[in-house]
Amino acid sequence: MAKIFSFQKPHNSYNISENFNDLRGGIKSTRLNINNMKIDLMQLVSPDIEDKVIYVGLKGFSRYSDENAMTLDEIKELCNSKRVYVALNRVVEFEKVREIIEKLNCEGFIINDLGTIWKLKKCKDNPDKRITSSVGLNPVNSLDLEFFKEVGVDIVVVPPELYDELPRLRGRGVQIESFGFALVEMFYKGKCLLSAYFDGISTKRKGTCTKKCLIKWDVILGDDFKGHISFPPKGTKFDVKADFVKIEGRQFKKFRNKKVSEV
Amino acid sequence: MELVTNIPTLEMMSKCSIEPYDAIYLGNPYCWDFEGNLMSNFNDLEAAVEILREMGKKVYVSTFAAPRNADLERIFRLIDRAIELNVDAIESTNYGVINYIKREYDVRVHAGGFTNIYTKASAELLASIGVERIMPTYELSIEDIERLKEVNIELELVIHGKIPLGISHNCFLLQFKDDIGIECPQLCKQELWYKHEDLVLKPFGDATLSGKDLCMYEHMEKLSGLNIDACRIEAISERIGYRERVGKIYRKRISGIFDRKDFEELISLSKYGICNGFYFNKAGQIYVGGV
């Protein structure tokens, strides 16, 4: 029987299929119904979400969630009653991002390109918008956080792999958003080109991923078969203390197809 | 146009393998523990710099690709040593480290292929802090790269070799050591692959590389049209003879000579075939014939 190598699990890891509702505790679903609009939330920042901040995806600009992402008009309406952050975390050129931002009266944006953040902050027409740098920018040390602050980032999303290092990352002049629940993947988020390489679909720019990490790969030494390996994302709970806590999972149907009443 | 490559250790550095190139990146940025890594063996680094100087080559030093806080002290020591050795540039793929070097030292900085440079805005940001050269993210097409040329900054592109496709927080190879019976740091000197039907990957330290060799031999005129400043042979995981052969072939090719036999040799040097990467807006593993 072929040897099956296992992708190294981080501590606290769960299989994706189990315990998700338990992990989420009192936190509500990633899918809400507010003002009769279905919203596929990027993340939840508070158990009391309906009174706090809401992160939503804009169709065509958000990773993963076009199916449930919102239109400009829907977001504009939502902004009348909620504090809204809009995910523009597919990488597009600055001019397109600026065009969108000028049309939205929301509290802030999530952006996945450091140069775009820098140019937005230099614009005098958007002084009050708060900018969150996407985890796809892969800040992995204190020098990154300091530079992101200089560039104009207000909130930095740090990779889940840095969970143990959060205390040493604080105090850099930016707020930190960390994962309370994350899918720890084969590569750092934002540093994976497998979809683009095998299928021509850039996760960074098209928003979707063909999940080639899930394949059962043969491990070959020279020309000799040694076993199998695959790299399924590991659902992992983190007991974090950060300015914002992110709950991930919307890219997997298991986590997405739940409504508030079901949780 | 500068022809460059990368060499991880002094042992992998022969005069023949260096000769075709104008400049060499020293060190393996994907693993500190790689045996003889020039990033952490400073006596070897000094010897390597001397050899390159004697041969009239430019010297660039690579730094660890995804440095966490625990890596920073080692990176600072490496930068200090590289400055003492008066190298021509330091390469980093980490925004924080890049900014730190430009703030603290007077040295050229090259932003490597995993810095996440997708847009003209990011190229402008790096130019604004004084970065001299960038390698755009590997997944940009020729059209995307043309836009970056509008920024006043040097461009370096990979023209041949296995391109990095991902960086992990740990080394996947370590889990094989007991079954294969080879310990770190010898393990990554073996030819290990992941295969699934015709899909192939090559794990190498914290990075995973393409199984196929990106090959732009037939398409050099298209890249020349971009007026790029440097082209790289990615050879960090390759045996010593590969760097020499591929370098000689591209040295001829850059001077305008196309030889079908050279192209066939490039194909024969790649165990799992060639591809064009992302230059033609297709899946990176596809090869489009040219010329």
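Residues numbered from 1 in each chain as written. Chains lettered and ligands numbered in written order. Predicted model: local features only at pLDDT ≥ 70, side-chain atom pairs only at ≥ 80, totals over all residues.

**Q** I'd like to hear about the overall build of chain B, residue by residue, with values.
**A** Across its full length, chain B carries 10 helices and 14 strands. For chain B, the C-alpha radius of gyration of 18 Å lies close to 19 Å, the compact-globule estimate for 291 residues. Dimensions of chain B, computed from C-alpha atoms along their principal axes, come out at roughly 50 × 50 × 35 Å. Looking at chain B as a whole, 51% of its 291 residues are labelled buried. (Helix = DSSP H or I, 4+ residues; strand = E, 2+ residues; numbered from the N terminus. Rg over C-alpha atoms; globule rule 2.2 N^0.38 Å. Buried ≥ 20, exposed ≤ 12 C-beta atoms within 10 Å, placed from the backbone.)

**Q** Could you give an account of the confidence of the model for chain A, with specific residues and numbers?
**A** Put simply, chain A has an average pLDDT of 78, and 73% of its residues get 70 or more. Note that pLDDT drops below 50 for residues 254–263 of chain A; the model gives that stretch 24 contacts with residues more than four away or on any other chain. (pLDDT = per-residue confidence, 0-100. Contact = placed C-beta atoms within 7 Å.)

**Q** Let's hear about the pairing of strand E8 (residues 130–133) of chain A: which residues, and what values?
**A** All names here are of chain A. Pairing geometry for strand E7 (residues 108–111) and E8, over 4 bridges, is parallel. Within the sheet, the bridge partner assigned to Ile 111 lies in E8 and is Ser 133. Here E8 runs beside strand E9 (residues 155–157); their pairing, made up of 2 bridges, is parallel. Looking at E9, one finds that Ser 133 is bridged to Val 156. (Pairing = 2+ DSSP bridges.)

**Q** Quick one: what's the story with unusual backbone geometry, residue by residue and with numbers?
**A** Residues and elements named next belong to chain B. Here the amide bond leading from Cys 184 into Pro 185 is cis, since omega sits at 10°, within 30 degrees of zero. As for its position among the elements, Pro 185 is in the loop between helix H7 (177–180) and strand E9 (192–196). Phi is positive for Glu 197, which is not a glycine, with a value near 50°. Secondary-structure assignment places Glu 197 in the loop between E9 and strand E10 (199–204). Judged by the 7 C-beta atoms lying within 10 Å of it, Glu 197 falls in the exposed class.

**Q** Kindly report on the interface of chain A and chain B, identifying the contributing residues and their values.
**A** Contact residues are listed per partner, giving 51 residues for chain A and 47 residues for chain B. If you list the elements that add at least two residues to the side of chain A that touches chain B, you get helix H4 (114–122), helix H5 (142–151), helix H7 (194–199), strand E11 (217–221) and strand E12 (224–229) of chain A. With 6 residues, the single largest contributor to the side of chain A that touches chain B is H5(A). A per-class count over the side of chain A that touches chain B returns 25 nonpolar, 11 polar and 15 charged. As paired elements, E11(A) and E9(B) share 4 bridges and run antiparallel to each other. Bridge assignment links A:Asp218 to a residue of E9(B), and that residue is B:Lys195. (Nonpolar A, V, L, I, M, F, W, Y, C, P; charged D, E, K, R; others polar.)

**Q** Outline the nonpolar core, listing residues and values.
**A** The nonpolar side chains of soluble globular proteins are, as a tendency, buried together. The biggest cluster of nonpolar side chains holds 155 residues, and the ones touching the most others in it are A:Val56, A:Val86, A:Leu88, B:Ile24, B:Leu26 and B:Ile134. With near-sequence residues (within four places) excluded, B:Ile134 lies in contact with B:Ala111, B:Ile117, B:Ala123, B:Leu126, B:Ile153 and B:Leu155. (Core = buried A, V, L, I, M, F, W, Y, C linked by C-beta atoms within 7 Å.)

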